[in-house]
Amino acid sequence: MTNLLPEMAEIWQQTLNWQPTVQQQAQFQRLYELILEGNRQLNLTRITDSQEFWEKHLWDSLRGIAPLLSTNFSPTSPALIDIGTGAGFPGIPVTITVPNCTITLLDSTRKKITFIDNILTELALTNAKTLIGRAEEIGQHPQHRQAYDIALIRAVGAASVCAEYTLPLLKQGGLAIIYRGNWTKEETTDLQNAVNQLGGVIELIEKFTTPLSDSTRHCLYVRKVANTALNFPRAVGVPSQKPL
């Protein structure tokens, strides 16, 4: 018995003004199967139910980049990085959905990156590549610093830490998209303080509910408006131990 993902065409259309092509739906389905297989060895996600997987991994990943789905995004072939991609979210659904982008999937765990390399091959996704490393090191690397139009981060750390990971990697005018569950006024103050030091401004804090379980989610959009000082990101471990 194969686990079939729901198609949800109407919900895609209503919530994101978009729906997957037949090929994209097939890629989503194969991604789901590969994650279920990989989960046996790697413990990639607790989310294995097909409806929950659709909502919490596919829909949630794409909800964050909704502005890219509905507009003719400029530049026409944006360079993205997904920081701490884990099992490949939000990066792989974004790769499937925005074929004109190039995306770098960054994680510090070699086993996860090996697993993702396999997925990219299986799904014939030629517009994505993987990178093993820590955000603090990559952000100081000349090849990656100020190299990206969009940085995605769906992480558990404080938002100010996410800002320190993302902003050094962005070109001026680039956008950091930080995926969150709950969000408070105090967190806005902390994030504001951090982005001021990093050359960014908070463009939008968007609150929404998920279509199946009606849970509250937030996406934070931070625009890079000035160069980030060279001392950011700080050394490995420092941003999370001593948030800005």
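Residues numbered from 1 in each chain as written. Predicted model: local features only at pLDDT ≥ 70, side-chain atom pairs only at ≥ 80, totals over all residues. Heavy atoms only, no water.

### What to know about unusual backbone geometry
- Note the cis peptide between Phe89 and Pro90, where omega equals 5°.
- Among the structural elements, Pro90 can be located in the loop between strand 1 (79-83) and helix 5 (91-97).
- Of the consecutive residues Phe232 and Pro233, the connecting peptide bond is found in the cis state with omega at -5°.
- Within the fold, Pro233 resides in the loop between strand 7 (216-224) and helix 10 (238-241). (Helix = DSSP H or I, 4+ residues; strand = E, 2+ residues; numbered from the N terminus.)

### Here's the deal with the pattern of salt bridges
- Under the criterion given, the structure shown has 11 salt bridges.
- Residue Asp60 pairs with Arg154 through a salt bridge whose shortest N-O separation is 2.8 Å. Within this pair, whereas Asp60 is found in helix 3 (residues 50-64), its partner Arg154 is found in the loop between strand 4 (148-153) and helix 8 (159-166), the two being separated by 94 residues in sequence.
- Judged by relative accessible area, Asp60 falls into the buried class, the value being 3%.
- Among the residues examined, Arg154 registers a relative accessible area of 21% and is labelled partly exposed.
- A single network of salt bridges, built from pairs that share partners, joins Arg30, Glu33, Glu37 and Glu122. (Salt bridge = Lys/Arg side-chain N within 4 Å of Asp/Glu carboxyl O. Buried < 20%, exposed > 50% of the residue type's maximum accessible area, 1.4 Å probe, protein only.)

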